[in-house]
Amino acid sequence: MTTSTAPATPADLAARYQRGDFLLATARHALLASGAVATATETEPSRLSGVLPGLFTDSGASIAVGVLPFDTTSMPGHLVLPRAIHRASSDHATVPPRTALPRPVKVAPVPEPEAHLAAVRAAVSALSARDLRKVVLARALDLDFEEAVPVAEVVRNLANGNPRHTTYAAQLPGGRTLVGATPELLLSRTGGAVVSRPHAGSMPRSADPVIDKANGEALLASEKDHVEHAVVVESVVETLRPFCRTLDVRGPELVSTPAIWHLSTTVTGELIDEDVTALDLAAALHPTPAVCGTPTGAARSLVQELEPFDREYYAGAVGWVDAAGDGEWAVGIRCAEIADTSMRLYAGGGIVPASDPRTELDETSAKFRTLLAAMGLEI
């Protein structure tokens, strides 16, 4: 395995990405991996953790990159030990040039908007009936093109459109590529230091600065969104507590993507046992109530009843872990799965008892617009 630490910026690595590579890039640091000396595909994340030490020893690799699915009980996680890795860091949020992409020849929402409204109403009714505090419902948007989707250009556009967040790309089993730009850090581990930044509660941005400011203030004042946010933070804290001798919780605070206001909290901790890896911690946290709901099992069952598709790797986790146990994992949202001449986009929203179906539909629509614009697509 070769490792490059030559001077480069995250934008440089995003510009070098080619289909089949792995990329995890923020404005200030990035990891690009290519090739494969070994792979691991296991249904249970604990099995992935179990096979990695032997693979590191046998292959000479020092890092594994890849994805966990939304439902780790039924779909495999997929890790690649790359042939070459490149790292970059920078104090400047530079981005590569943006490329206009071809227009799709067919666009199909899954489900249709009225069906999503009905699903949200059903979810609200089911919360009390099944003793759920929250469930997350998503919808998809299928795009077909006349020619092969230029994945590298999509990734570079995502890095351009979301410079303050995490752009990612990962090859999936079967040849598809998962690409996205997520605002949410599931987990990072550096030595004994652990950080998680859960997001929950959102409001659309506006091009009108007065309306935009009012939307942000409305989110900060929203009891419904604070309840939704608290559910996620409580879950993250309770999951990390057994692993950490100290935990510090700061938030919520108002943060933004180019099109969405969010409530965000930063949770930091100090590990009791440094043999617990970043992958172990990510697997323990995933899926958080931010992408599934709570309690997890009942929420996942309701998601599978009400959504007319299998999420597969949408709302999963994307990241890396090294032989020392350090690593970084992002929540796999604001994303698309790209095949040859087609693309499926995903967008979801948290449903609590106070949720309004029309507002939830508008939230997913705003997230689709953000993703499409960042990709350089017009529909």
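Note on numbering: residues in each chain are counted from 1, in written sequence order. Local features are withheld for residues below a pLDDT of 70 in this predicted model, meaning they are given only at 70 or higher, and side-chain atom pairs are given and counted only at 80 or more; totals for whole chains, interfaces and linings count all residues. With hydrogens and water stripped out, all remaining heavy atoms of the structure feed into the side-chain values.

An unreviewed UniProt entry lists the chain under the name Isochorismate synthase, from Amycolatopsis coloradensis.

(A) View of the overall build of the chain. Secondary structure follows DSSP: runs of H or I at least 4 residues long count as helices, runs of E at least 2 residues long count as strands, and numbering of each begins at the N terminus. The number of helices and strands found in the chain is 9 helices and 21 strands. The globule rule used for comparison is 2.2 Å times the number of residues to the exponent 0.38, while the radius of gyration itself is calculated over C-alpha atoms. By the compact-globule yardstick of 21 Å for 379 residues, the chain fits well, its C-alpha radius of gyration being 20 Å. Along the three orthogonal principal directions, the C-alpha set of the chain runs to about 55 × 50 × 40 Å. Each residue's exposure class comes from its accessible area (1.4 Å probe, protein chains only) as a fraction of the maximum for that residue type: buried when under 20%, exposed when over 50%, partly exposed otherwise. Here the chain holds 379 residues, and 57% of them are scored as buried. The contact definition used throughout considers only heavy atoms, calling two residues in contact when any of these lie within 4.5 Å. At a minimum sequence separation of 6, the contacts of the chain that also span at least 24 residues come to 76%. Of the roughly 14900 Å² that the chain leaves accessible, carbon and sulfur atoms contribute 51%. Treating the 32 positive side-chain charges of the chain as one cloud and the 45 negative ones as another, the clouds have centres 3 Å apart. Only the protein chains shown count as cover for residues, with accessible areas throughout obtained via the Shrake-Rupley method and a probe of 1.4 Å. Counting rule applied: Lys, Arg positive; Asp, Glu negative; His and chain ends not counted. Throughout, a charge is located at the NZ atom of Lys, the CZ atom of Arg, the CG atom of Asp or the CD atom of Glu.

(B) Representation of the environment of Leu 279 in the model. Residue placement: Leu 279 occurs in helix 7 (residues 278-285). When the C-alpha positions of Leu 279 and Gly 376 are compared, they lie 33 Å apart, and in sequence the two are 97 residues distant. Aside from chain neighbours lying at most four places away, what touches Leu 279 is Leu 48, Ser 49, Leu 52, Leu 68, Leu 79, Val 321 and Trp 329.

(C) Looking closely at the packing of aromatic side chains. Classification of ring pairs uses Phe, Tyr and Trp, with its six-membered ring standing for Trp, and accepts pairs whose centres are within 6.5 Å; under 30 degrees between planes counts as stacked, over 60 as edge-to-face, and the remaining range as tilted. Using the criterion set out here, one finds 2 aromatic pairs in the structure. Pairing Tyr 314 with Tyr 346 gives two aromatic rings, centres 4.6 Å apart and planes at 5°, and the pair type is stacked. Of this pair, Tyr 314 sits in the loop between helix 8 (296-306) and strand 18 (317-322) while Tyr 346 sits in strand 21 (residues 342-351), placing them 32 residues apart in sequence. Tyr 314 sits in the buried class, given a relative accessible area of 4%. Looking at Tyr 346, the relative accessible area reads 3%, which means it is buried. Put simply, the rings of Phe 309, Tyr 314 and Tyr 346 pair up and form one aromatic cluster.

(D) Geometry of unusual backbone geometry. Following His 286, the chain continues into Pro 287 via a peptide bond in cis, with omega recorded as -5°. Within the element layout of this structure, Pro 287 appears in the loop between helix 7 and strand 17 (293-294). The backbone phi angle of Glu 312 is positive, close to 55°, even though this residue is not glycine. Positionally, Glu 312 belongs in the loop between helix 8 and strand 18. Despite not being glycine, Arg 334 shows a phi value in the positive range, around 50°. Relative to the assigned elements, Arg 334 resides in the loop between strand 19 (327-331) and strand 20 (335-338).

(E) Geometry of the environment of Pro 82. Relative to the elements of secondary structure, Pro 82 occurs in the loop between strand 6 (77-81) and strand 7 (84-89). For the pair Pro 82 and Thr 57, spaced 25 residues apart in sequence, the C-alpha to C-alpha distance is 14 Å.

(F) Here's a closer look at helix 2 (residues 45-59). Between the first and last residue of a helix there are one fewer steps than residues, each counted as 1.5 Å, and that sum is the expected span. In this model helix 2 runs 20 Å from its N-terminal to its C-terminal C-alpha over 15 residues, within 8% of the 21 Å that 1.5 Å per residue would give. Maximum bend of helix 2: about 30°, positioned at Leu 52, with proline Pro 53 one to four residues after it. Those residues of helix 2 lying buried are Pro 45, Leu 48, Ser 49, Leu 52, Leu 55 and Phe 56. Those residues of helix 2 that are buried are in contact with strand 4 (38-42), strand 5 (63-68), strand 6, helix 7 and strand 18. Phi turns positive one or two residues past the end of helix 2, at Gly 60, with a value near 80°. Note on bend: the value at a residue is the angle between axes fitted to the seven residues ending there and to the seven starting there.

(G) Expanded view of helix 6 (residues 223-240). Helix length check: helix 6, at 18 residues, gives a terminal C-alpha distance of 26 Å against a target of 26 Å (1.5 Å per residue), a fit within 8%. The complete set of buried residues in helix 6 reads Lys 224, Asp 225, Glu 228, His 229, Val 231, Val 232, Val 233, Val 236, Val 237 and Leu 240.

(H) Structural view of the nonpolar core. Throughout, nonpolar core names a set of buried Ala, Val, Leu, Ile, Met, Phe, Trp, Tyr and Cys residues whose side chains join them through atoms within 4.5 Å. In this structure, Leu 240 and Trp 329 are the most contacted members of the largest nonpolar core, which totals 73 residues. Ranked by size, the runner-up nonpolar core spans 34 residues in total, among them Ala 14, Tyr 17, Leu 32 and Ala 347.

(I) Seen up close, the pattern of salt bridges. A pairing counts as a salt bridge when a side-chain nitrogen of Lys or Arg comes within 4 Å of a carboxyl oxygen of Asp or Glu. A full pass over the atoms with the stated rule returns 20 salt bridges. Of the charged contacts, one joins Glu 153 and Arg 156 as a salt bridge, the two residues approaching to 3.7 Å between their closest N and O atoms. Of the two residues, Glu 153 and Arg 156 both sit in helix 4 (residues 151-161), 3 residues apart, roughly one turn of that helix. Between Asp 212 and Arg 205 there is a salt bridge, with its nearest N and O atoms 2.7 Å apart.

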